[in-house]
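Chain and residue survey
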Amino acid sequence: MAIEKVAMIGAGAMGGGMTLLMAENGISVSIQDPSSKTVDALIKSAEEQGIHSKLSKYENYKDLCASLGSPKVIFFSLPHGTVGDTVVEGLYKYLDKGDVIVDCSNEEWGNTQRRQGKLVAQGVYYIGCGVSGGYQAARRGPSMCPGGQEAALDIMMPLFEKMAAKATDGTPCVAKIGMGGAGHYVKMIHNGIEHGMMSCISEAWEIMNKHMGMKYDDIGKVFEKWSAEGELKNTFLVKIGAEICEQKDKSGHHVLGDVQDKVVQDIDGSEGTGIWSNTQATSLHVPAPTLSTAHYLRIVSAFRGQRKHVAETFHGSFLPQKFSFSSASEQDAFIEDLRLAVYSTCLAAYVQGISIIDVADKQNKWCIDFENIVKIWRAGCIIQADHISSLLAAIFHPTSTSPHKNHNLLYEPTIVADLKKGFESLKRVVAKGVQENCVVPSMSATLEWLKYSGNLELPTQFYEAELDYFGKHMYDSKKLDGKTDSEESLPETGKRHFEWKPA
């Protein structure tokens, strides 16, 4: 079925961009937004681009739905949370069996599944479709991550493929992800990975700027080189990092120099995915420290007033120290270490994110297609990283001989080889950072994660003994009490208790 007309509820940056994208592709779009001025501005922009004949403005849901054919296709681009519930409630009496709602918001996956459950009795489909790439990609072609009922996805895939960004081989960066809230869940974890990647790239920028004394333009040239070759080739966040470092305003000053060091999206309620992804990692018992520490950095950065007070209390105890190098070649070698440390941290973020998705998939029975995840995490995607994509594509390809039934990428020789290659560089960067008061949370967390993930002699031996001492929590004997260590075995309460001190 060719879809020729849709509705868009929410005409902000993302919804507006997708509206113009669909209009450019010959789709008529009926628009509704609480702000009449926002819709008017969007239509004016469409006029300037010669596509305004495809747009129509509507003030209420009744008229909006009446403007559509059958089945009705309605896109959402809304703030997460109760707003979506209110809109669904308002639309409810105008919807018929076979109609499709496509929620392109950064919605919490639990809300998506609840709405799917509400609408299924009415025969209305609800697709949770994560959209990645920011407002610019929404206009020119985003990465799209749809999840829901197979019948609904079949209806929408031709339009999604028309809208989505195209990879270098010409294939669209959209694919069926899985059932239920799988689409929004995978997009949520995408954003968690994104935060880990942004953190380590920002940490590298600060090392070069604050500790090595490099100018913005010089750092931009480093990022350009990283983005042009090697493991970080065509990594979107590194590529735009070069542009950010080199961008100047009309007066000739670097725009970056005027940017305050705080991220507030987690605090002001506009962004929830970072919180949800870390909550999921914890509740599903998946170690994801690269993602978690990146989130903690974002949180503390938002409260600049508190940081100012703490800095005054500590009397400048943590001031950054300048690096010293004996030669230009030694500095170049450190920058190469920094490149590999950034790559290792980005790869670790991917590994941790895939592990969270895997556990959630098994728990929710979504039947997530991991090969399709790799397809959407390419062009138009914030975490686009060509080398990592090529590694994952080989692992998750149907003809792959890899066992990967647990999707634990630390079992994969190609992933392990790259992490081993970067390990010493990561150590040197973190060690230098500790010595000179660098802020390197994501890189240092990644280093520790690598150290303890495959270590059979952890300090938790002593930890377990203390738990048994004061709490009688029991422990396993090193003789294993008849148990055998295997990847399939689930953690169980130990069988031994020692009366360390009589009660």
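Residues numbered from 1 in each chain as written. Predicted model: local features only at pLDDT ≥ 70, side-chain atom pairs only at ≥ 80, totals over all residues. Heavy atoms only, no water.

**A closer look at empty space enclosed by the protein**
Quick note on the threshold: Whether a set of points on the 1 Å grid over the protein atoms alone is a cavity depends on a 1.4 Å probe fitting there but being unable to get out, while an open set qualifies as a pocket with protein on both sides within 12 Å along at least five of seven lines; lining residues are those with an atom within 4 Å of a point. Grid points are joined across faces, edges and corners, and a volume is the space filled by probe spheres set on the points. Strands are runs of DSSP state E lasting at least 2 residues, helices are runs of H or I lasting at least 4, and numbering of each runs from the N terminus. Residue type decides the class: Asp, Glu, Lys and Arg count as charged, Ala, Val, Leu, Ile, Met, Phe, Trp, Tyr, Cys and Pro as nonpolar, and the leftover types, Gly among them, as polar.
Following the criterion strictly, the structure yields 1 cavity of 30 Å³ or more and no others. Its volume calculated, the largest cavity comes out at about 40 Å³. Along the walls of the largest cavity sit Gly130, Val131, Ser132, Ser143, Cys145, Lys187, His190, Ile376 and Trp377, which together make up its complete lining. At the level of secondary structure, the elements contributing two or more residues to the lining of the largest cavity comprise strand E6 (125-132), strand E7 (143-147) and helix H8 (182-211). Broken down by element, the lining of the largest cavity gets its largest block of residues, 3 residues, from E6. The class makeup of the residues in the lining of the largest cavity is 4 nonpolar, 4 polar and 1 charged.

**Quick word on the UniProt feature "active site" (unreviewed entry) in the protein**
Heads up, the rule is: UniProt positions are given in the numbering used here, feature names are shortened, and annotations may be inferred rather than shown by experiment. Whether two residues are in contact is decided by their heavy atoms, any of which lying within 4.5 Å being enough.
UniProt's entry tags Lys187 and Glu194 with the feature "active site" (unreviewed entry), counted in the numbering of this structure. As for the annotated residues, the ones lining the largest cavity are Lys187. Positionally, Lys187 belongs in helix H8. Within the fold, Glu194 resides in helix H8. The residues contacting Glu194, other than those within four sequence positions of it, are Leu237, Ile382 and Ile383.

**Some thoughts on the nonpolar core**
This is how it is decided: In this text, buried Ala, Val, Leu, Ile, Met, Phe, Trp, Tyr and Cys residues form a nonpolar core when linked through side-chain atoms within 4.5 Å. When a residue's accessible area, from a 1.4 Å probe over protein chains only, is under 20% of the maximum for its type it is buried; when over 50% it is exposed; and in between it is partly exposed. Domain limits in this description derive from either an automatic procedure or a database domain assignment.
Within the largest apolar cluster, 82 residues are counted, with the highest numbers of intra-cluster contacts made by Tyr185, Ile207, Phe223, Trp226, Trp377 and Met443. When residues of this core are sorted by domain, at least three fall in each of domain 1 (5-176) and domain 2 (188-387 + 416-453). Met18, Met22, Phe75 and Met156 belong to the second largest nonpolar core, which has 38 residues in total.

**What about the pattern of salt bridges?**
Any two side chains of opposite charge can pair, so long as their charged atoms come close to each other. Selection rule: A carboxyl oxygen of Asp or Glu within 4 Å of a side-chain nitrogen of Lys or Arg is what we treat as a salt bridge.
Enumeration over the complete set of coordinates arrives at 25 salt bridges. We note a salt bridge from Glu448 to Lys451, for which the minimum N-O separation is 2.9 Å. With a gap of 3 residues between them, Glu448 and Lys451 both fall in helix H18 (residues 441-453), about one helical turn apart. Judged by relative accessible area, which is 36%, Glu448 ranks as partly exposed. For Lys451, a relative accessible area of 39% corresponds to the partly exposed category. Salt bridges sharing partners connect three or more residues here, namely Asp85, Asp103, Glu107, Arg114 and Arg115.

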